[in-house]
Amino acid sequence: MKIGDYMSALRGAKRVLLELKRHGYEAYIVGGAVRDHLLKLPLTDVDITTNAKPYQVAKLFKTKPTGVKYGTVTVMMSDDTYEVTTYRIDGTYVDTRHPESVTYSDLVEEDVKRRDFRINGLLMDEREEIIDLVEGRQDIRDKIIRTIGDPLDRFNEDALRIMRAFYFQAKLGFDIDQDTLSAIEAQRHLLEKIAMERIMTEIIKLLKSTYAKRAIHAMVTTKVHTVLPGLEKGMIYIDGMQEVPFVDPFFTICFTLHGSIPDAWPFSNKHRHRYQMASQLANQYESFDAEALYTYGVDLCLLANKVNVMLKRARNQRTQIESDFQNLPIQSELDLKLRAHDLMRLTGKKAGAWLKEIQKEMVLAILNGRLENKKEALEQFVLERIKT
Ligand code: ATP
Ligand code: MG
């Protein structure tokens, strides 16, 4: 869905409701879209709940079978898409994440009761009438996040809801209800059974949200930071900062203080490498000379410096680093004014490891200001080297 195209998303969703109703089904907008509509926040996606079965929905609209196993089809309407899910009761939770079985229900009440938080359990019809079976509106008014039903049971069913509570706190700036908080603290160990990918997704969403600081504080208060591998020291430190760092500095600070990146985190190779290198550079360098800038690149050096500033180990050198990098006499071996084939011709040698070595020497000499990146100067440098 096009984010921000708020009215059209809502209008489209109402058309889906009307079409379902015209065919004799019940249908409501549900969950985050109703919550965000009441809070006048931009809608990210619109979920619809209905007693029509997926195949019945598929007969009425252009659809994609996104999660038929869980009763969900994606309806495509003009430019927007809507997740339409059949009323469900979730079965016993085996791995505390995926419902073992999906049982359809004829009652919207049952569908609402399976949802996580009262603020996420509101229904809205095509006239924008709110149907509130779980006192969700009260919680929105009071700015409170609390589970539907007993929090101990609900986190036991699905511990990812612990992370979701913090994400909604970060997004909305709400408080988490005291009973829900106590249950989180008591059940935090259940997070160890949840796939790290899902935990990571929630943490990243949280860090990108407006009220990340409140969520980090609540996580530390409920000791959830102790069950997230390698984040314990970092989160305590960050809880004491004025502002919560963004995603990359957040993880780099945590892993710098922890001393390594636990394997459990399913970062892409690119991100793992980035956090690894930035952490190493932050430990190694107080400032970045030409050789460091050339070798590691400006992004990693900036991140390392940012982390050191946040750890109060260095001054902010951002402008310096950026301009030094811009002014490097050479930024890549490809910029050498003497190419590999020139080198072979000049020396009469065949390609080999020596090429890389001498290129590296030339680059270093240029970076240190001992050599000019001009063809003649480079040729002379090479010939002298060869002699020795
Ligand atoms: P946002 O899209 O702003 O992140 P949302 O409330 O729409 O928030 P989604 O993850 O899109 O969150 O889920 C849609 C709805 O599905 C929720 O509002 C909630 O009612 C229900 N839901 C999602 N995940 C769970 C869960 N783990 N347990 C119970 N209900 C859930
Ligand atoms: Mg959503």
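Everything that follows concerns the structure shown earlier in this document.
Keep in mind that this is a model prediction, so the values were computed, not measured.

(A) Structural context of the site of ligand 1. Around ligand 1 sit 18 residues, and of these Arg-35, Asp-158, Arg-161, Tyr-167 and Lys-171 come closest. Here Thr-44 contributes a side-chain N or O atom positioned 3.3 Å from an oxygen atom of ligand 1. In this structure, a nitrogen atom belonging to ligand 1 sits 2.9 Å away from a side-chain N or O atom of Asp-158. For ligand 1, whose unbound accessible area comes to 590 Å², protein coverage reaches 83%. Going through the elements one at a time, helix H2 (32-38) and helix H7 (160-172) are the ones with two or more residues in the shell around ligand 1. The element that contributes the greatest number of residues to the shell around ligand 1 is H7, accounting for five residues.

(B) The arrangement of the packing of aromatic side chains in detail. Evaluated as defined, the whole model comprises twelve aromatic pairs. Between Phe-255 and Phe-267, the ring centres sit 5.9 Å apart and the planes meet at 75°, which makes this aromatic pair edge-to-face. Placement of the pair is Phe-255 in helix H12 (residues 247-258) and Phe-267 in the loop between H12 and helix H13 (269-284), with a sequence separation of twelve residues. In terms of burial, Phe-255 and Phe-267 fall into one category: buried.

(C) Spotlight on unusual backbone geometry. Located in the positive-phi region is Lys-40, a residue other than glycine, with phi close to 55°. Tracing the sequence through the fold places Lys-40 in the loop between H2 and strand E2 (47-50). One non-glycine residue, Lys-143, lies in positive phi territory at about 55°. Judged by its relative accessible area of 43%, Lys-143 falls in the partly exposed class.

Reading guide: rules and limits
- Residues numbered from 1 in each chain as written.
- Chains lettered and ligands numbered in written order.
- Predicted model: local features only at pLDDT ≥ 70, side-chain atom pairs only at ≥ 80, totals over all residues.
- Heavy atoms only, no water.
- Near = heavy atom within 4 Å.
- Polar contact = N/O pair within 3.5 Å; in protein donor to acceptor, adjacent residues only side chain to side chain.
- Areas by Shrake-Rupley, 256 points an atom, 1.4 Å probe, with all protein chains shown as cover.
- Helix = DSSP H or I, 4+ residues; strand = E, 2+ residues; numbered from the N terminus.
- Phe/Tyr/Trp six-rings, centres within 6.5 Å; stacked < 30°, edge-to-face > 60°.
- Buried < 20%, exposed > 50% of the residue type's maximum accessible area, 1.4 Å probe, protein only.

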